[in-house]
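Structural overview for review
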Amino acid sequence: MFKEVIDAVIGHFRPSAIVLQCGADSLGCDRLGCFNLSIRAHGQCVQIVKDYKIPLLVVGGGGYTVRNVARCWTYETSVLTNTTLSEDLPPNEYRDFFKPDYKLHPDLKGRVENQNDRTYLLKVRQRVMEQLRYLDSAPSIQMQEIPPDIQGFLDGEHEQQDAINDSERGKNRRNPTGGRVVHEAEWYENDKDNEGESHDSSWSS
């Protein structure tokens with residue numbers, strides 16, 4: 001059932017890379033989570049996504065019972081690296097945290113009641129499929145390489161914008177022909193513009 005949903009999501013978005021968050025608070029007996037996944041089922045989800053052979057980044061997440069988190073992420077690391085692990089935990093200084101079974105995959109039967117019947121799960125799957133129809137599909141945002149000199153380019157843009165802002169605020173600007181400081185509100189073209197009138201000798205070039 002999970003694979004059918006992921007098939008639909010992959011087909012809809014056609015991702016070039018996947019970020020998979022393996023939050024362990026969905027495991028049975030988590031002190032905050034209210035789900036009942038076994039570590040093996042959790043790892044199977046990782047295996048299904050891995051089998052698409054799309055570049056995959058796997059990260060952690062929630063998980064509030066330490067022994068569950070340690071078991072889960074150890075097992076899922078073995079799934080990602082194609083490594084087979086023993087069911088029995090090896091001797092170590094933290095072994096007492098994993099009693100009474102000392103197993104990689106503890107038995108959840110009788111610990112947490114599974115209230116998710118097949119009818120409910122089928123309804124969830126149907127709802128997900130319906131929601132996909134209303135989402136934008138591929139192609140989505142395209143990834144592009146950032147030029148190595150992008151910071152210099154951005155700095156230049158900032159300087160240009162600062163100059164425009166200064167001009168708009170009515171600050172003084174320099175006349176490119178005469179070299180004199182010209183005020184925004186004055187009509188001045190060259191030295192002959194005010195011929196016959198006295199010039200203020202206090203102007204400076």
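Cut-offs applied
Residues numbered from 1 in each chain as written. Predicted model: local features only at pLDDT ≥ 70, side-chain atom pairs only at ≥ 80, totals over all residues. Heavy atoms only, no water. Helix = DSSP H or I, 4+ residues; strand = E, 2+ residues; numbered from the N terminus. Contact = heavy atoms within 4.5 Å. Expected span 1.5 Å × (residues − 1). Buried < 20%, exposed > 50% of the residue type's maximum accessible area, 1.4 Å probe, protein only. Core = buried A, V, L, I, M, F, W, Y, C linked by side-chain atoms within 4.5 Å. Salt bridge = Lys/Arg side-chain N within 4 Å of Asp/Glu carboxyl O.

**Let's talk about the side chain of His-42**
Locating His-42 in the fold gives a position in helix H2 (residues 39–50). Those residues in contact with His-42 that sit more than four places away from it in its chain are Cys-22, Gly-23, Ala-24, Ser-26, Leu-27, Leu-37, Cys-72 and Glu-76.

**As for helix H3 (residues 66–80)**
In this model, H3 (15 residues) spans 21 Å end to end at C-alpha, consistent with the 21 Å of a helix rising 1.5 Å per residue. Taken as a whole, H3 has its buried residues at Asn-68, Val-69, Arg-71, Cys-72, Tyr-75, Glu-76, Ser-78 and Val-79. Following H3 by one or two positions, Asn-82 has its phi on the positive side, about 55°.

**A look at the nonpolar core**
The biggest cluster of nonpolar side chains holds 18 residues, and the ones touching the most others in it are Ile-10, Ile-18, Leu-20, Leu-27, Ile-39, Val-46 and Tyr-75. Aside from chain neighbours lying at most four places away, what touches Leu-27 is Phe-35, Leu-37, Ser-38, Ile-39, His-42, Asn-68 and Cys-72.

**Side note on the pattern of salt bridges**
Scanning all chains against the criterion turns up five salt bridges. For Lys-3, the salt bridge is made with Asp-7, and the minimal N-O distance between the two is 3.2 Å. Of the two residues, Lys-3 and Asp-7 are both situated in helix H1 (residues 2–13); the distance of four residues between them amounts to about one turn of the helix. When its relative accessible area of 43% is taken as the criterion, Lys-3 is described as partly exposed.

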